[in-house]
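# Structure assessment
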Amino acid sequence: MPRVALIGMRGHGRVHLGDLLDRDRDGRLVLCGVADVREPVGPEADLVAGRVFDTDAARLLNRVRPDIAVIAAPSHVHAALAEQAMLHGAHILVEKPPVTSLAEHDRLLDVAERTRRHCQVGFQAFGSTVVQEVLRRSRSGEFGELRRVSVVGCWSRGVDYYARSDWAGRRMVGGVVVADGALTNPFAHGVALALRLAAPESTGPVRVHTEPYHAYPIDSDDTMSARIEPAGGAPITAAVTLCAEREFEPYVRVFGTAGQATVWYTQDRARIGISGRTAELTGHRVALIDDLIANLSEDPAGDVLCSPLRDTRSSTAVLAAIVAGPTAKPIPLPHLRITPTARTIPGIEDTVVAAGERGVLFSDLDLPWAAKECS
Ligand SMILES: NC(=O)c1ccc[n+]([C@@H]2O[C@H](COP(=O)([O-])OP(=O)(O)OC[C@H]3O[C@@H](n4cnc5c(N)ncnc54)[C@H](O)[C@@H]3O)[C@@H](O)[C@H]2O)c1
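All chains use their own residue numbering, which begins from 1 and follows the written sequence. This being a predicted model, a pLDDT of at least 70 is required before a residue's local features are given, and a value of 80 or more before pairs of side-chain atoms are given or counted; all residues contribute to the totals for chains, interfaces and linings. To obtain the side-chain values, all non-hydrogen atoms of the structure were included, while hydrogens and water were left out.

You'll often see interface size given as the accessible area lost when the parts meet. Each assigned domain of the protein is listed here: domain 1 (3-124) and domain 2 (128-285 + 308-365). Delimitation of the domains relies on an automatic or database domain assignment. With centres defined by C-alpha atoms, the gap from domain 1 to domain 2 works out at 27 Å. Any two residues having at least one pair of non-hydrogen atoms within 4.5 Å are treated as being in contact. Across the contact, 20 residues belong to domain 1 and 21 residues belong to domain 2. Summed over both partners, the interface of domain 1 with domain 2 buries about 1,900 Å², with 66% contributed by carbon and sulfur atoms. A salt bridge links Asp 106 to Arg 313; the shortest N-O distance between them is 2.8 Å. Here a polar contact means two N or O atoms within 3.5 Å. Within protein one must be a hydrogen donor candidate and the other an acceptor candidate, and residues neighboring in sequence count only if both atoms are side-chain atoms. For the pair domain 1 and domain 2, the number of links is six residue pairs in polar contact (both at pLDDT 80 or more). Of all the secondary structure elements, the ones that give two or more residues to the side of domain 1 that touches domain 2 are helix 5 (102-115) and strand 6 (119-121). Per element, the largest residue contribution to the side of domain 1 that touches domain 2 is five residues, and it comes from helix 5. Charged means Asp, Glu, Lys or Arg here, nonpolar means Ala, Val, Leu, Ile, Met, Phe, Trp, Tyr, Cys or Pro, and polar covers whatever is left, Gly included. Among the residues forming the side of domain 1 that touches domain 2, the class breakdown is ten nonpolar, eight polar and two charged. For any pair of parts, buried area is found by adding up, for both, the accessible area (1.4 Å probe) each one loses once the two are put together. One side-chain nitrogen of Lys or Arg within 4 Å of one carboxyl oxygen of Asp or Glu is enough to make a salt bridge. Only runs of H or I of at least four residues qualify as helices and only runs of E of at least two qualify as strands under DSSP, and these elements are numbered from the N terminus.

What follows is the structure, given as structure tokens:
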């Protein structure tokens, strides 16, 4: 049974902690240690009682020498933690985005290769049977030549979301790139899937044009449209917000010369339309930790994991281009609905759907808050 350590136990780390405890109880792994910069208190302490706990991840790795490290700390500390873990002999499941620069991405790829460790990235939708089926059909040409791909996301995050951590809603913290924007963090799953569909072979070169906005008083964005042009692939249009009045699940849509596919990647469901005939696909997903465990004895250089680090380089390239792009503009207050718990943008639901459907940016949609000249 593999011995697993968790680094970062709150926020999304709490989900990993639950998953690891379940598997520990079922005898599928041993949760041998937990690290977090803050000591667990109250019910959190009960959850990790009996496990080695440390406030320093490097010290924990040294103490427990895990076979696998699950890294769910903030994105801007992933690179250092993942490198340390691999150098301590651990295979990695690192949350998305795996790193916040291309230099870090390449360095981590190099460490993984030198240490012969697997590095799985937490884009969990790649474990979905539906996502895998749509990728297979796209590769086999079922949708014809891809003309474009769109990513549409419409979620609502409250004041508490931005208050939970010092890096929430930040572009940089203390000179370090954090990149906590709508497209670089919550909807990064949609971008990663769109890239695999639009340019399966791409390892990075990409042109990105962004129109970032914020309704919240943050220095990153909570609402963005973008045109992403991966080298040798179909163009991608993304339109997303975290300030919806009416949420719906995000989707990625492929527009091909022979048909279309829409993938609701959080729900393992897709709709495929070819020659006027529509088919609905539903499925299930393999958890990335189970996929990693099942492949531990395979060659890390082989093509075995659902979401290996080397297949996510183009999404890191998009993140880097977004960070290098224009800073977010504030949406003027008259265009917002503000309550003590949340900020929303009335009408944003129709806006993101229209941008995705037509493959255009906010500035093409004659919106009262989006500047025509925004670049
Ligand atoms: N896959 C998904 O669906 C999904 C969903 C949410 C978040 N995430 C990702 O998970 C990561 C964490 O996001 P979050 O929103 O939970 O963050 P968070 O700030 O809410 O929680 C991070 C946790 O890590 C701890 N931590 C901070 N620095 C640490 C360090 N150096 N060593 C050990 N622990 C440390 C914090 O104390 C906290 O417990 C991010 O990369 C985020 O993008 C993924």
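Strands pair, by our definition, only if DSSP identifies at least two bridges between them. The parallel open sheet is built from six strands, whose spatial order is 3-2-1-4-5-6. This sheet does not close on itself; its edge strands, each paired only once, are strand 3 (52-54) and strand 6. When strand polarity is set aside, the average angle formed by the axes of neighbouring strands in this sheet is 20°. Relative to strand 5 (residues 91-94), strand 4 (residues 68-71) is paired through four bridges, and the arrangement is parallel. Bridge assignment links Ile 71 to a residue of strand 5, and that residue is Val 94. A fitted line through C-alpha atoms represents every axis, and for helices the fit uses only the stretch in contact; the resulting angles, taken between N-to-C directions, go from 0 to 180 degrees. Along the sheet face, helix 3 (residues 57-64) touches strand 1 (3-7), strand 2 (30-35), strand 3 and strand 4 and points at about 155° away from the line of strand 3.

We call a set of buried residues a nonpolar core when its members are Ala, Val, Leu, Ile, Met, Phe, Trp, Tyr or Cys and they connect through side-chain atoms within 4.5 Å of each other. A 1.4 Å probe rolled over the protein chains alone gives each residue an accessible area, and that area as a share of the maximum for its type sets the label: buried under 20%, exposed over 50%, partly exposed in between. One finds Ile 92, Val 134, Leu 183, Leu 193 and Trp 369 to be the most contacted residues of the largest nonpolar core, which totals 114 residues. Per-element accounting of this core gives the leading share, eight residues, to helix 8 (residues 188-198). Three or more residues apiece are contributed to this core by two domains, here domain 1 (3-124) and domain 2 (128-285 + 308-365). Excluding residues that lie within four positions of it along the chain, Trp 369 makes contacts with Tyr 213, Thr 223, Ile 331, Pro 332, His 335, Ile 345, Ile 348 and Phe 362.

Let's shift gears to the layout of surface pockets. Its volume calculated, the largest pocket comes out at about 1,000 Å³. In terms of residues, the lining of the largest pocket owes the most to one element, helix 4 (residues 78-87), which gives three residues. The residue makeup of the lining of the largest pocket includes at least three contributed by each of domain 1 (3-124) and domain 2 (128-285 + 308-365). Within this scheme a cavity is a closed region of a 1 Å grid, computed over the protein atoms alone, that accommodates a 1.4 Å probe without allowing it to escape, whereas a pocket is open but has protein on both sides within 12 Å along at least five of seven lines; lining residues each have an atom within 4 Å of a point. What lines the second largest pocket is a set of 21 residues, and nearest its centre among them are Arg 139, Arg 196, Pro 200, Asp 303 and Asp 311. Counting only elements with at least two residues in the lining of the second largest pocket, the list comes to helix 6 (129-139), helix 8 and helix 10 (313-324). Grid points are joined across faces, edges and corners, and a volume is the space filled by probe spheres set on the points.

Now for the pairing of strand 13 (residues 243-256). In terms of burial, strand 13 is largely enclosed, as ten of its 14 residues are buried. Note that strand 7 (residues 146-156) and strand 13 share eight bridges and pair antiparallel. From the neighbouring strand, Val 149 faces strand 13, where its bridge partner is Val 254. Pairing analysis gives four bridges linking strand 13 to strand 14 (residues 259-264), with the strands arranged antiparallel. Looking at strand 14, one finds that Val 254 is bridged to Ala 261. Turn length for the strand 13-strand 14 hairpin, with the two strands adjacent in sequence and antiparallel, is two residues.

Looking now at the packing of helix 8 against helix 10. Running from amino to carboxyl end, helix 8 crosses helix 10 at an angle of 125°, the nearest separation of the two axes being 9 Å. In terms of their interaxial angle, helix 8 and helix 10 are classed as oblique. Judged by the sense of rotation from one axis to the other, the crossing of helix 8 with helix 10 is right-handed. Across from Val 191, Ala 192 and Leu 195 in helix 8, the residues of helix 10 making contact are Ser 314, Ser 315 and Val 318. Its residues assigned to classes, the contact of helix 8 with helix 10 comprises four nonpolar, two polar and no charged. Angle categories are assigned with fixed cut-offs, so that under 35 degrees is roughly parallel, over 145 is roughly antiparallel, 65 to 115 is roughly perpendicular, and the rest are oblique. By definition, any crossing whose near helix is turned counterclockwise from its far helix by less than a right angle is left-handed, and any crossing with a clockwise turn is right-handed.

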